[in-house]
Amino acid sequence: MTYDEKLRKQAYDAIENHQGMVKKDLYYPTYHIAPPVGLLNDPNGWIQWKGTYHLFFQWMPFHSGHGAKFWGHFSSEDLVNWTLEPIALTPSQWFDKSGCYSGSAVSVDEKLKLFYTGNVKNELGQRETYQCTAESVDGITFTKTGVKIDLPEGYTPHFRDPKVWAYKGRWYMVVGAQTDNEVGAVAFFESNDLDSWTHRGILTKADQDPLNNLGYMWECPDLLELNGQNVLLFSPQGLQADGIDFNNQYQSGYVVGKLDYEKAELSHGGFIELDRGFEFYAPQTTLDDYGRRILVAWMGVPDQNESAQPTIANGWVHQMTLPRELTLVDGKIYQTPLNEMEQLRACESIEQSVSKELATSISRGSEIQIEGEISTIELFNYTTLSYDKNTELLTMERPSYVDGSLETRSCRLPQGLYHLRIFVDHSSLEIFVNYGEEVFTSRIFADVFEDSIRVQGRVNVQAWDLKNDTIQVG
Ligand code: FRU
């Protein structure tokens, strides 16, 4: 048995040994992607290839912490029903033995090609980083094709998460980086053939206007086009909280501007946070066959309190967000649930116009839409959302899963609050505000038997019970 085969067998055994425990956990989501066992973090290799959507994920099958990551793999024909596929990558080679870290996928010559970071901790305990490839002809079985990029001069080994795309017949790549003087940056590469790559320099970095002091490391960059403009998404580490902004341990956000491919220069505006909730990190996008720019993110944040997550007792931790469509409106990204998400509706549970207050019960796998003059929503006797007209702030409050103390996240809504679309999935909430102007993404560890909702305001409320059999994990 090769080392790769041994790792696969151990991972499949881990799934089998824990399946009962994981699936029986009433916090386990029923329509979001979550790990079959162990820890899931970043979405990777997100692509629609030959019609089928493929979403890979950073995966530690052996325990609910970080370590030498695998690439797990889900596929879907319709973005609603997902199937767990065989393991795509194991940390089995000299160049990726401490983890097949995050990366992306492209379609080329009838093949599905993956780019990922080979993370190595050497005998001296030092980090090494290699940008590697693997490929598949059937989209299921992947063969590693080795190291394509060694660490260029000017960076520390915190250099990872290649995102590759094509533009006017050439290939381009951005890599998350830290410069020698410990400033977060995005490195830019170019290639004719996906094998040999030229380092074109740094696209932008944290000590450069208008991004002063934007952290010591940037992870998971993604360069995309929305509405004729370039958007650089990334996840900077080391930002100071600033009023209602940057309140999580690490952030995800974007700058909008113009990439000059010839000069390898990105001119751009300031950094905008992408999500206003507690758990959202490492988003990745893809352009699907219908021309939609679709984002998926890890519903988590690398956090020193991660080990306090209550699901760890049941052998798993973290989940993905729903796929969301991005649009750019006046220089700001709007995120909306895909139309396909309506297929999740099993039956309508509420349709009511409310003059002051509604108190009722809902299922923990629900979609809720609220329209009108909304003042407060309370869910599961655990979390509240309230809008203050004077400050224009919408605030979410929940007890911390570490010590129960109340914690809040807020966003400003200059046009007021007039619409909410909320997806609840057992221990998660995605709250789309004003048709995607802002989103709060968070985990909720409310009492599993609590099913209450309380809405205050002059509103119309509609809710649906959602299907609970759309994710097949074995
Ligand atoms: C982001 C990240 C990436 C890295 C991966 C390792 O959450 O730290 O930079 O590739 O996770 O699992």
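Labelled according to an unreviewed UniProt entry, the chain appears under the name Sucrose-6-phosphate hydrolase, originating from Halobacillus seohaensis. UniProt lists a comment for the chain under the heading Catalytic activity (unreviewed entry), and it reads "Hydrolysis of terminal non-reducing beta-D-fructofuranoside residues in beta-D-fructofuranosides."

> How should the overall build of the chain be read in this particular structure?
In terms of helices and strands, the chain carries one helix and 34 strands. For the chain, the C-alpha radius of gyration of 22 Å lies close to 23 Å, the compact-globule estimate for 474 residues. For the chain, the spread of C-alpha atoms along the principal axes amounts to about 65 × 50 × 40 Å. In the chain, which comprises 474 residues, the share counted as buried stands at 47%. Look at the contacts in the chain between residues 6 or more apart in sequence, and 57% of them connect residues 24 or more apart.

> Looking at this model, I keep getting lost on the domain arrangement of the chain. Mind explaining?
Where interface size is quoted, it is often the accessible area lost as the parts come together. As assigned here, the chain comprises domain 1 (3-337) and domain 2 (348-472). For domain 1 and domain 2, the distance between their C-alpha centres works out to 28 Å. Contacts between the two partners involve 33 residues from domain 1, matched on the other side by 32 residues from domain 2. Only β4 (82-84) and β23 (332-337) provide two or more residues apiece to the side of domain 1 that touches domain 2. No other element matches β23, which puts four residues into the side of domain 1 that touches domain 2. The residue makeup of the side of domain 1 that touches domain 2, split by class, is 18 nonpolar, 12 polar and three charged.

> Got a minute to help me understand the sheet that holds strand β6 (residues 111-121) in this structure?
Sheet strands line up and pair through hydrogen bonds in the backbone, either parallel or antiparallel. Read across the open sheet, the four strands follow the order β5-β6-β7-β8; overall the sheet is antiparallel. Among the strands making up the open sheet, the edge pair consists of β5 (100-108) and β8 (143-149). Averaged over all adjacent pairs, the angle separating strand axes in this sheet is 30°, with direction ignored.

> Is there a simple way to explain the UniProt feature "domain: Glycosyl hydrolase family 32 C-terminal" (unreviewed entry) in the chain in this structure?
UniProt marks residues 381-454 with the feature "domain: Glycosyl hydrolase family 32 C-terminal" (unreviewed entry), using the numbering shown here. Secondary structure across residues 381-454 comprises 0% helix and 57% strand; the distance between its end C-alpha atoms is 9 Å.

> What exactly am I supposed to notice about the site of the ligand here?
As a structural note, the neighbourhood of the ligand is formed by 15 residues, with Gln58, Tyr101, Ser102, Glu219 and Ala282 the closest of them. For the shell around the ligand, the elements supplying multiple residues, two or more each, are β1 (38-49), β5, β9 (155-167), β13 (217-226) and β18 (281-287). When grouped by side-chain class, the residues that make up the shell around the ligand number five nonpolar, five polar and five charged.

> Honestly, the UniProt feature "domain: Glycosyl hydrolase family 32 N-terminal" (unreviewed entry) in the chain in this entry has me stumped. Any pointers?
UniProt marks residues 32-337 with the feature "domain: Glycosyl hydrolase family 32 N-terminal" (unreviewed entry), using the numbering shown here. With 0% helix and 56% strand, residues 32-337 has end C-alpha atoms that lie 13 Å from one another.

> Honestly, the pairing of strand β31 (residues 428-433) in this entry has me stumped. Any pointers?
Every regular strand shows the same layout, with side chains that alternate between the two sheet faces. With six of its six residues buried, β31 lies for the most part within the structure. The turn joining strand β30 (residues 419-425) and β31, which pair antiparallel and follow one another in sequence, is formed by two residues; a positive phi near 65° is taken by His426. Pairing geometry for β31 and strand β32 (residues 438-443), over six bridges, is antiparallel. Bridged to Val433 within β32 is Glu438. Adjacent in sequence and paired antiparallel, β31 and β32 are bridged by four residues, among which Asn434 carries a positive phi angle near 50°.

> Is there a simple way to think about the environment of Thr391 in this case?
Inspection of the secondary structure assignment puts Thr391 in the loop between β27 (383-388) and β28 (393-399). C-alpha of Thr391 to C-alpha of Tyr401: the two residues are 10 residues apart in sequence and 28 Å apart in space.

> What is the right way to read the sheet that holds strand β20 (residues 316-317) from this model?
Pairing within the open sheet is mixed, and its six strands lie in the order β20-β1-β2-β3-β4-β34. Bordering the open sheet on either side are β20 and β34 (471-472), each of which pairs with just one other strand. Here strand β2 (residues 52-60) runs beside strand β3 (residues 70-76); their pairing, made up of seven bridges, is antiparallel. In the strand pairing of β3, Phe56 is matched with His73.

> What is the right way to read the nonpolar core from this model?
A general tendency of soluble globular proteins is for nonpolar side chains to be buried together. Ranked by internal contacts, the top residues of the largest apolar core, which has 128 residues, are Val186, Leu232 and Ile431. The element best represented in this core is strand β33 (residues 452-466), accounting for seven residues. Two domains each put at least three residues into this core: domain 1 (3-337) and domain 2 (348-472). Excluding residues within four positions of it along the chain, Leu232 makes contact with Val186, Leu203, Thr204, Pro221, Leu223, Tyr254, Val255, Leu266 and His268.

> What is the right way to look at the confidence of the model for the chain in this model?
Low pLDDT marks regions whose predicted coordinates should not be analysed in detail. Residues at a pLDDT of 70 or more form 100% of the chain, whose mean pLDDT is 97. Both confidence scores are given for the complex: pTM 0.98, ipTM 0.99.

> What should I look at first to understand unusual backbone geometry in this one?
Leave glycine aside and you will find that most residues have negative phi; peptide bonds, for their part, are mostly trans. Cis geometry marks the peptide bond from Asp209 to Pro210; its omega dihedral reads 0°. With respect to the secondary-structure elements, Pro210 resides in the loop between β12 (197-205) and β13. Look at Leu194: it is not a glycine, yet its phi comes out positive at around 70°. Relative to the helices and strands, Leu194 resides in the loop between β11 (184-191) and β12. On the basis of neighbour count, Leu194 is assigned to the buried category, with 20 C-beta atoms found within 10 Å.

> I keep staring at the environment of Leu266 and nothing clicks. Help me out?
Inspection of the secondary structure assignment puts Leu266 in strand β16 (residues 265-268). For the pair formed by Leu266 and Thr204, sequence separation is 62 residues and the distance between their alpha carbons is 6.8 Å. Ignoring anything within four residues of it in the chain, the contact list for Leu266 reads Leu203, Thr204, Asn230, Leu232, Gly257 and Leu259.

> Just checking my understanding: could you explain helix α1 (residues 3-24) for this structure?
When the terminal C-alpha atoms of α1 are compared, their 32 Å separation across 22 residues agrees well with the 32 Å that a helix rising 1.5 Å per residue should span. If you look at α1, its biggest bend is around 60°, right at His18. Every buried residue of α1 is listed here: Leu7, Ala11 and Ile15. Residues of α1 that are buried make contact with β3.

Analysis parameters
- Residues numbered from 1 in each chain as written.
- Predicted model: local features only at pLDDT ≥ 70, side-chain atom pairs only at ≥ 80, totals over all residues.
- UniProt positions renumbered as here; feature names shortened; annotations may be inferred.
- Helix = DSSP H or I, 4+ residues; strand = E, 2+ residues; numbered from the N terminus.
- Rg over C-alpha atoms; globule rule 2.2 N^0.38 Å.
- Buried ≥ 20, exposed ≤ 12 C-beta atoms within 10 Å, placed from the backbone.
- Contact = placed C-beta atoms within 7 Å.
- Domains from an automatic or database assignment.
- Nonpolar A, V, L, I, M, F, W, Y, C, P; charged D, E, K, R; others polar.
- Pairing = 2+ DSSP bridges.
- Axes fitted to C-alpha atoms, helices over the stretch in contact; angles between N-to-C directions.
- Near = placed C-beta within 6 Å.
- Core = buried A, V, L, I, M, F, W, Y, C linked by C-beta atoms within 7 Å.
- pLDDT = per-residue confidence, 0-100.
- Expected span 1.5 Å × (residues − 1).
- Bend = angle between axes of the 7 residues up to and from the residue.

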